[in-house]
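Architecture and fold: a report
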Amino acid sequence: MNICIIGTGYVGLVSGVCFSDFGHNVSCVDLDQKKIDDLNQGLIPIFEPGLEQLLKRNFKENRLSFTTNLDSVVNTADVIFIAVGTPARRGDGHADIEYVVEAAKQIARKITKYIVIVIKSTVPVGTNRLIHKIIAEENPVLDFDVVSNPEFLREGAAIDDFMRPDRVIIGVESKKAEDILREIYLPLSLKNFPVIATDLESAELIKYASNAFLATKITFMNEIAALCEKVGGNISEIANGMGLDRRIGNQFLRAGPGYGGSCFPKDTLALAKIGLDAGSPISIIETVIKANAETKIRMLRKLKALCDNSFRGKKIAILGVTFKPETDDMREAPSLTIVPALLSEGANVSIYCPQGFKEGKELLGNVEWCNEPYNAVQNSNLMVILTEWNELRSLDLQKLALSMETPKLADLRNIYSRALALQAGFESYDGVGK
Ligand code: NAD
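Summary of the structure given here.

Calculation rules
- Residues numbered from 1 in each chain as written.
- Predicted model: local features only at pLDDT ≥ 70, side-chain atom pairs only at ≥ 80, totals over all residues.
- Heavy atoms only, no water.
- Near = heavy atom within 4 Å.
- Polar contact = N/O pair within 3.5 Å; in protein donor to acceptor, adjacent residues only side chain to side chain.
- Areas by Shrake-Rupley, 256 points an atom, 1.4 Å probe, with all protein chains shown as cover.
- Nonpolar A, V, L, I, M, F, W, Y, C, P; charged D, E, K, R; others polar.
- Salt bridge = Lys/Arg side-chain N within 4 Å of Asp/Glu carboxyl O.
- Helix = DSSP H or I, 4+ residues; strand = E, 2+ residues; numbered from the N terminus.
- 1 Å grid on protein atoms, 1.4 Å probe; cavity = no way out; pocket = protein on both sides within 12 Å on 5 of 7 lines; lining within 4 Å.
- Points joined across faces, edges and corners; volume = space filled by probe spheres on them.

**Topic: the site of the ligand**
In the vicinity of the ligand there are 24 residues, among which Asp-30, Lys-35, Thr-86, Glu-155 and Lys-266 approach most closely. Within the backbone of Val-11, a nitrogen or oxygen atom sits 2.8 Å from an oxygen atom of the ligand. Between the ligand and Lys-35 there is a distance of 2.6 Å, counted from an oxygen atom to a side-chain nitrogen or oxygen. Relative to its free-state accessible area of 840 Å², the ligand is covered by the protein chains to the extent of 89%. In terms of residue class, the shell around the ligand is built from nine nonpolar, eight polar and seven charged.

**Looking at the pattern of salt bridges**
Throughout the structure, instances matching the rule amount to 29 salt bridges. Measuring nitrogen to oxygen at the nearest pair gives 3.1 Å for the salt bridge that ties Asp-277 to Lys-273. Placement of the pair is Asp-277 and Lys-273 together in helix α12 (residues 264-277), with a separation of four residues, close to one helical turn. Salt bridges sharing partners connect three or more residues here, namely Glu-229, Arg-298, Lys-302 and Asp-430.

**Here we look at the layout of surface pockets**
Of the voids in this model, the second largest pocket is the one considered here, and its volume is about 230 Å³. Forming the walls of the second largest pocket are 13 residues, and the residues nearest its centre are Ala-226, Glu-229, Lys-230, Arg-298 and Arg-301. When residues of the lining of the second largest pocket are traced back to their parent elements, those giving at least two are α10 (200-231) and α13 (283-306). A per-element tally of the lining of the second largest pocket places α13 first, with seven residues. Taken together, the residues of the lining of the second largest pocket break down into three nonpolar, two polar and eight charged.

None of this, on its own, says anything about what the molecule does.
Here it is in structure tokens:
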């Protein structure tokens, strides 16, 4: 199958690389000339475990190419995936589908034969139908189908998620298009990974409802953690006790500084907006959005209490600034709320993050970047674990405590125990919900 992917970001690049590994011929298109030049030289624009090796192999075997020139590939494709960004629109939180519309129009103007256009971007209910209408208006003689194929990969585990998905969802109205999509995903269905066909609206909503549900699970635990801090109880033990119930499941129960990333914040906002616009408010998601913002503020209060109620003149070491481990993505990371607040109240901030520097240097302002955790923590008044990178799980706490001005630890990912920290020489330890 000849596949063209428009948008070579996290989703487009990972999908393109994995489809080529299935044996398809894939052309990845992006507007960003530098990104495409880098990719053609084997330089990967994002940090994603396993991606580089897979990309280089398929590139070498001529199943994968990168271009900014849509015209050169569009008419050899059997299927075109649109995987461009759908950020939250300023002001109202609605998903901005401008890039999807633009990509669809570009295709419509160029294509001259039957084509399946697949929307992989996360888009509000009704967008696939709208895109169908826009393409038909742009090119009234074109024979085509529009398919919704939302993506569920997680950054940091994207290759594994794509290659071993819990499910592939295909929102489709034509048998011909469904058969083509099933052929593309045949390597997965042959391994018994479920490939499920639905109507267009269900596919669109499965994506939003899934992300909103996961964000709710996290937020629920963050609120139970806040309760523990008032009435007692240990959130890690509570999560364990709850997670053993198979109806609940043991994932997404870890309390922390609030969810972030490129999807949950914008997708919860978008779902809330979709509900309001349809006259069917999803009040639980509106509450989740508010509670998540409050969780980040609560973390700041926690840090301030550890700094004797003033950040002024304090040196604060932040370990981990990406929104989660194993990615360099900083979109909506809790660090983007916490670090600027510390700086604005007069703290000096030093940072160590295995992959945060590339994006963080533009976003986090006047901070000191360090190339290892021990440098960042030296002479500080407070050490804050903000992202649970594996390499931060086995630090020499004694060495760290000894090197600090005032050895205090805010463990916002609960990766250490209070007993361990105090034994290592920290004078105070605060986790989340303990
Ligand atoms: P991204 O911002 O990393 O990448 C988007 C890319 O599209 C950019 O490189 C941009 O230059 C390119 N682009 C925009 N318009 C273009 C055009 N007309 N022609 C060619 N290229 C164009 O975005 P992403 O994180 O990959 O997300 C893409 C979509 O997938 C979003 O809707 C997102 O919600 C969804 N999604 C993301 C994830 C994730 O973990 N990042 C997971 C599941 C779903």
